[in-house]
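Topology and contacts: notes
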Amino acid sequence: MAQATFLDYPNWNVAKQDDWVSVFQELDSEIQCTPLNTLFMHLFVAVDEYSVGCCKEIIRTVFKAVPELHFIFLIVPCYMSLGSALITVFDPVGNVPSLTFDEDFAVHVCHRHNHYPQLHIRRARVEDHDDLMPIFLHHDTILKATYGEYFLAELIEAQDEENHAVVCEVEGVAVGFMSVCSRVNMQLLHECFDLGPFHGLCIPHPDDILEPPPELSIQESQDAELRSSSQSSQKIVEELQEPVSPEAMERVQGKIPEESATEELLSTVQSGNTGEMEDMEKLSQVSTVIDTDYYISNTSLASISPPEETSHFRPIYRGASAAFCIQLFCIDETHEARSLDFMNFVFSLFPDKNFCIISVPHLTPEFVLIQNFVKLIPFNNCTLEQDLYVFHRAGLLKSINIRFATFSDTPGVENLVSTLMLSKSILEDLKQYNKAHRDPDGTPLQAFVAEVAEQVVGIAVIRNEMDVEYIRSHYNIEDFIYFSHHQREEHGHLYHFALNPIFRHYTKFFLKEILRLGYKSCLYYPIYPQSREGKFQSSYAHSLTSALHCLVPVRPRRQIVYPLEKLGINAPSKAVSKEPLSYALNHTNRKLTLEPKITVNAKIVVVGASSVGISFLETLVFCSHLKFSNLTLISTHGLPGKKLLSTEQRKFLASDHCFNDKDHALMSLCSWVNVVVGRMTAIDRAAKYVVVSKEEIVLYDHLVLCTGQQYQVPCPTGADISQHLTNREVPNSSQRRYTGKVPCNHFTLNDEEDCFKALTWIRNNSITTEGNVIVYGSTIDTYTTVETLLNLGVRGSCIHLVQPPPKSTITCINNYSVEGAVEDALRAAGVTVYRDAILAQWNDGLHPDPIQSASFTTPTKPFKLPCAMFFSFFEKNVDYETFKAFNDACLVYDGRLVIDANFHTNDVAVRAAGSLTKFSNRYYSNEWTHSSFNSKEIGFQLAAAMLSLFDPTLEPVTEPPADLDRLIPMYKGAKIQGGILPGSYHYLHIAKPAIPTPLEVQKAQPDFLLHGAMVHGPLSRSFY
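The shown structure was predicted, so the numbers you read here are calculated from the model rather than taken from an experiment.

Here we come to the overall build of the chain. Looking only at helices and strands, the chain features 23 helices and 50 strands. Scored against the burial criterion, the 1024 residues of the chain give a buried share of 55%. Pairs at least 24 residues apart make up 75% of the contacts formed inside the chain by residues separated by at least 6 positions. With the model as given, the accessible surface of the chain reaches about 45,300 Å², and the carbon-plus-sulfur share is 52%.

Shown next, in the form of structure tokens:
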């Protein structure tokens, strides 16, 4: 019916987009317009008969969506009439000349107070009870049932110096309520949350212990680094945290904390509200918060026992509390966007307090008020069920100014970034900008600072994006922009961004101003894969952690592999075909700076870094309109993609081609997912936590089990081969679990980390020159491992491939032609193959560590082999500790973890997927499991099933008809398996999802030619 477009600079070229403020302030001195509180209407179209109503509703919606907005300007030629719709909302201000046209333009303004005014805040009165109770009771009756019908009136009457109650009113009617208290359980907060960035929410004291004793070793974790960086900064401001005098109004005293942890901003703010002010609380009790359609919690912090102490150093603060807390908050949803209007008033009630805190149940959607707060990081051992948010008094300042950096800003920037890991790089780029405004290679360079009360509180450095063609061809950037609408010079590359956490709610404004002042329309931020201490992929490598939540990750595009030599002059340009270091791309543009994201605080814990688990996390992370703040992965070796094995090396294990190292680099999951390195050993379904490595606990709201199956250590039958026993005469040990010590030269390869350890062992123990290697198993991984050993230089005569009796007529390759070629290659390499052999003993039944010999029985006569290294690919199964965790948690397990068609186990909060699972017997489809399908598609479908819980833009899920409820889902993605087989054959098998069947049966199917296997090697033959 109508559409309007708003931008942050004027149209008709009446002023430059980076310098329009003075022009419009001169028109009317009473209009204090700034880039923060002003937008310009560039376009409005509407159906005639609805134009007036639509215009008013659009204007109201804009003021509601952008709380800082106070003025909307409209500029038209003087001779042009506004029409019947626009004239109802815009008032004339004056005329301004155009920079390009020889005529004047009329300027009209629309004020906030005429459409969605600021709220009037005052102290609460008992007579407000009748206005407020319907707001409380509309969504929850817990407080009334707990404390009685007149609990609100009693709370208002109980006000004293420590407890205050305030309301916001519209036309004499109370539409919102806030109860605040100055008593806070600081001890509990110090034990549960990392308060270092805010000096523990305390006034600095000479006896504060901010640094560990020299003899105490601090674990190098991210939390420890953040704490230590904040501690070093806090020393500078210890003398500054004092009650602020009225003369200090509108002035910032002392230093300001840096992006993730630095100094305190100690300032006061003059009330920007002409109305009265409101009060806030301290946490003697966990805040009970209501936001019309939100939530209520009445758990007392005092009643919760603090977590056990850890060995890590934590600062000790001796000063008095500098915080008060919000105990109870509600506001009618019609006026919810003005929630921040409370803050000026409540800070005035506590002139000696600089922080306001609020705790909410972590499943509570982020309402408008706390979107302006900073969420504090809990310690690993924190078991509180609330999230803690903090707001600093200085965050109310509206005088934030973004401008180009100058030489005089260097000391302020140095102080701001002094504790950052990349501070040297930031300062070097700032120096280069001040020196030449461009890099030595000629690339334009721009540096911006955010300034409040003449103090630098933020720094950003951008360059022109020089690889626009590469980005367009390698990433789905056109999901967010139309490239044809943007000039080449409008694409910017964001190199550095650091902003004081007090002003975190201005992050999008900072980015928007960078675009306006820099004449950019798009910003790109790449994250390159880097390792920390050579072990784990880490997000430490970039300085934009605090602003990533305002950017959107961009999916990579599948690339054509061009035969460049054959194409010659027909090859694509080098800008498209080049192969630089892969990186994950993040993006923002003008439109996205005013688009909100929906924050999901639910604790989603994924156990297992299998292809299913990675695909699940990838799907959630790349939902551009959602921000998952509590994604956790529990994995034995952390995230995959560490590139432990170089790409040119043979891989020990076959691949399912779901993800490779490049894919992991293009996702950079480490930037969005918390990684817990360890093994799940228990699940407490009642308390909703997972025990990791029998020590640490990880809380969850939704648990996703994707551990898959792993090769297990085989259990020898114990048969004495001196008795010349055969397979028929020995007990079946395939279902027995090996419980002894795993020999140091025994290897079960399940991931790249295991392969790297095996490779290191081979190189350190001269396996390539001496010693026999036994490869035990009959899976495709046995063949790829043999080929890897041959490629590493191990002599074929020293490799023994021992295959146990088959359990099915279907082999791992299921193609006689391919198997024949592989056998010929093994024979030519000198590899000895033993069939139908069962492991009997290691070291003749003596101590097995290390394995020096291995005995096997066969259908005829047993044999014994010397052994320097033993690879076991005997059988994949669910790890015993994992099974025990399921069993002890009473999750239904029937050979596999039992799930329904929607991935649910018998616990609604626990889902599972992948080869770990089987469908419930009620589906009568035991032949079909998730192993029959593509793992990447399974992970995607799992995420899609869960997104309906979090994404309000999705249609509600309807229950299937009763007759369809017993059908298992069928997926269409191809199941792929590939690797390099002996003889250097490159093997690739692509098939539609199906129950495994012999090749002869498949050939009888009419669509057989639609799938098959291809082997290509050095010999002049291929098999399909």
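On to the packing of helix α16 (residues 611–621) against helix α22 (residues 935–947). Where α16 contacts α22, the two axes come as close as 7 Å, and the packing angle between them is 45 degrees. Considering their axes alone, α16 and α22 lie oblique with respect to each other. Seen along the crossing, α16 lies across α22 with a hand that is right-handed. Contacts between α16 and α22 involve S611, V612, S615, F616, E618, T619 and L620 from the first element and S935, K936, I938, G939, F940, L942, A943, M946 and L947 from the second. Partitioning the contact of α16 with α22 into residue classes produces nine nonpolar, five polar and two charged.

What follows is about the packing of aromatic side chains. Taken as a whole, this structure holds 40 aromatic pairs when the rule is applied. Taken together, a centroid distance of 4.4 Å and an interplanar angle of 15 degrees make the contact between Y834 and F863 stacked. Highlighted residues: Y834 in strand β38 (residues 832–834) and F863 in strand β41 (residues 863–866), separated in sequence by 29 residues. Neither residue differs from the other here; Y834 and F863 are each classed as buried. Summarising the aromatic geometry, the rings of F856 and F863 are spaced 5.2 Å apart at their centres and angled 20 degrees between planes, so their arrangement reads as stacked. These aromatic residues form a ring-pair network of at least three members: Y738, Y776, Y834, W842, F856, F863, F870 and F874. Positioned above the aromatic ring of F379, the side-chain terminus of R314 is 3.6 Å from the ring centre. Sitting over the face of the ring of Y880, R737 holds its NZ or CZ atom 3.4 Å from the ring centroid.

Glancing now at the pattern of salt bridges. Inspection of every chain in the model, using the stated rule, returns 27 salt bridges. Note that D387 is salt-bridged to K375, the shortest N-O span being 3.6 Å. In this pair, D387 is assigned in strand β15 (residues 386–392) and K375 in strand β14 (residues 374–375), connecting sequence segments 12 residues apart. Judged by its relative accessible area of 7%, D387 is buried. Owing to a relative accessible area of 25%, K375 belongs among the partly exposed residues under this scheme. Ionic pairing is found between R463 and D429, a salt bridge with its closest N-O pair at 2.9 Å. Note that R463 is positioned in strand β18 (residues 455–464) and D429 in helix α11 (residues 423–436), a separation of 34 residues in sequence. For R463, a relative accessible area of 8% puts it in the buried group. Judged by relative accessible area, which is 11%, D429 ranks as buried.

Moving on to the nonpolar core. With 118 residues, the main nonpolar core has L201, F616, I683 and L705 as its most contacted residues. The residues touching F616, leaving out its near neighbours within four places in the chain, are I604, V606, V704, G939, L942, A943 and M946. In terms of nonpolar packing, the next biggest core, distinct from the first, is built from 33 residues, I767, L801, A825 and V831 among them.

Rolling a probe over the atoms, with the probe sized like a water molecule, indicates the empty space that remains. Taken as a whole and assessed by the stated rule, the structure comprises four cavities of 30 Å³ or more. Roughly 80 Å³ of volume is contained in the largest cavity. What lines the largest cavity is P553, K597, L620, V621, L626, K627, F628, L631 and W672. Considering every element that reaches the lining of the largest cavity, the biggest residue donor is strand β27 (residues 626–628), with three residues. Residue composition of the lining of the largest cavity, grouped by class: seven nonpolar, no polar and two charged.

As judged from the four bridges shared by strand β31 (residues 689–692) and strand β32 (residues 696–699), these two strands associate in the antiparallel manner. Across the sheet, Y689 pairs through a bridge with L699, a residue of β32. In this structure, the hairpin formed by β31 and β32 is closed by a connection of three residues, where S693 is found at a positive phi of approximately 55 degrees.

The next point concerns the confidence of the model for the chain. The predicted coordinates should not be examined in detail at positions where pLDDT is low. Of the residues in the chain, 86% reach a pLDDT of 70 or more, and the chain-wide mean stands at 82. Segment residues 217–310: pLDDT under 50, and 353 contacts once partners within four positions in sequence are set aside and those in other chains are kept. Low pLDDT, under 50, characterises residues 1019–1024; the stretch is placed with 16 contacts to residues that sit more than four places away or in other chains.

What follows is about the pairing of strand β19 (residues 491–499). Along any regular strand the residues' side chains alternate between the sheet's two faces. Summarising burial for β19: eight of the nine residues are buried, a large majority. Looking at chain direction, β18 and β19 are connected through seven bridges and run antiparallel. The residue bridging A460 from the neighbouring strand is F497, located in β19. Both β19 and strand β20 (residues 522–527) contribute to a ladder of three bridges, which runs parallel. Counted as the bridge partner of H493 is Y524 from β20.

Here the focus is the state of the cysteines. Counting across every chain of the model gives zero disulfides. Here C110 is not cross-linked by a disulfide; its sulfur's nearest cysteine counterpart is in C55, at 7.8 Å.

Neighbouring strands of a sheet are bound in pairs by backbone hydrogen bonds; such pairs are parallel or else antiparallel. Strand order in the open sheet made by the seven strands is β16-β17-β18-β19-β20-β24-β23, with mixed pairing throughout. Strand pairing shows two members of the sheet lacking a second neighbour, β16 (401–404) and β23 (552–554), which therefore form its edges. Put simply, the sheet's adjacent strands are angled 35 degrees from each other on average, direction ignored. One ladder, built from four bridges, connects β16 with strand β17 (residues 445–452); its direction is antiparallel. Looking across to β17, one finds that R403 is bridged to V449. The strands touched by α11 within the sheet are β16, β17, β18 and β19, with β17 carrying the most contacts at an inclination of about 110 degrees. Seen against the sheet, helix α13 (residues 507–517) touches β16, β17, β18, β19, β20 and β24 (584–589) and runs at an angle of roughly 140 degrees to β19.

This part is about helix α2 (residues 51–65). In this model α2 runs 21 Å from its N-terminal to its C-terminal C-alpha over 15 residues, within 8% of the 21 Å that 1.5 Å per residue would give. Of all the positions in α2, only S51, C54, C55, I58, I59, V62 and F63 are classed as buried. Projected down its long axis, α2 shows its buried positions confined to an angular sector of 165 degrees, all on one face. The inward-facing, buried residues of α2 contact β1 (2–7), β2 (38–46), β3 (71–77), α3 (83–86) and β5 (104–111).

The end-to-end C-alpha distance of α11 is 20 Å, a good match for the 20 Å that 14 residues give at a rise of 1.5 Å each. Among the residues of α11, those classed as buried are S423, I426, D429, L430, Q432, Y433 and N434. Next to the buried residues of α11 lie β16, α10 (410–417), β17, β18 and β19. Positive phi appears at H437, one or two residues downstream of α11, with a value of about 60 degrees.

A word on the packing of α10 against α11. Running from N to C, α10 and α11 point in directions that differ by 165 degrees, and their axes come no closer than 10 Å. The orientation of α10 relative to α11 falls into the category roughly antiparallel. Where α10 crosses over α11, the handedness of that crossing is right-handed. On α11, the residues that touch T410, V413, E414 and V417 of α10 are S423, I426, L427, L430 and N434.

Turning to unusual backbone geometry, a few remarks are in order. Cis geometry marks the peptide bond from D849 to P850, where omega comes out at 0 degrees. Secondary-structure assignment places P850 in the loop between β39 (838–842) and β40 (853–857). In this model, H657 sits at a positive phi of 55 degrees, which is unusual for a non-glycine residue. A positive phi angle, near 60 degrees, is found at C890, a position not held by glycine. Residue C890 is classed as exposed on the basis of its relative accessible area of 53%.

Definitions and limits used
- Residues numbered from 1 in each chain as written.
- Predicted model: local features only at pLDDT ≥ 70, side-chain atom pairs only at ≥ 80, totals over all residues.
- Heavy atoms only, no water.
- Helix = DSSP H or I, 4+ residues; strand = E, 2+ residues; numbered from the N terminus.
- Buried < 20%, exposed > 50% of the residue type's maximum accessible area, 1.4 Å probe, protein only.
- Contact = heavy atoms within 4.5 Å.
- Areas by Shrake-Rupley, 256 points an atom, 1.4 Å probe, with all protein chains shown as cover.
- Axes fitted to C-alpha atoms, helices over the stretch in contact; angles between N-to-C directions.
- Parallel < 35°, antiparallel > 145°, perpendicular 65-115°, else oblique.
- Left-handed = near helix turned anticlockwise from the far one by under 90°.
- Nonpolar A, V, L, I, M, F, W, Y, C, P; charged D, E, K, R; others polar.
- Phe/Tyr/Trp six-rings, centres within 6.5 Å; stacked < 30°, edge-to-face > 60°.
- Lys NZ or Arg CZ within 6 Å of the ring centre and 35° of its normal.
- Salt bridge = Lys/Arg side-chain N within 4 Å of Asp/Glu carboxyl O.
- Core = buried A, V, L, I, M, F, W, Y, C linked by side-chain atoms within 4.5 Å.
- 1 Å grid on protein atoms, 1.4 Å probe; cavity = no way out; pocket = protein on both sides within 12 Å on 5 of 7 lines; lining within 4 Å.
- Points joined across faces, edges and corners; volume = space filled by probe spheres on them.
- Pairing = 2+ DSSP bridges.
- pLDDT = per-residue confidence, 0-100.
- Disulfide = S-S within 2.5 Å.
- Expected span 1.5 Å × (residues − 1).
- Arc of directions from axis to C-beta.

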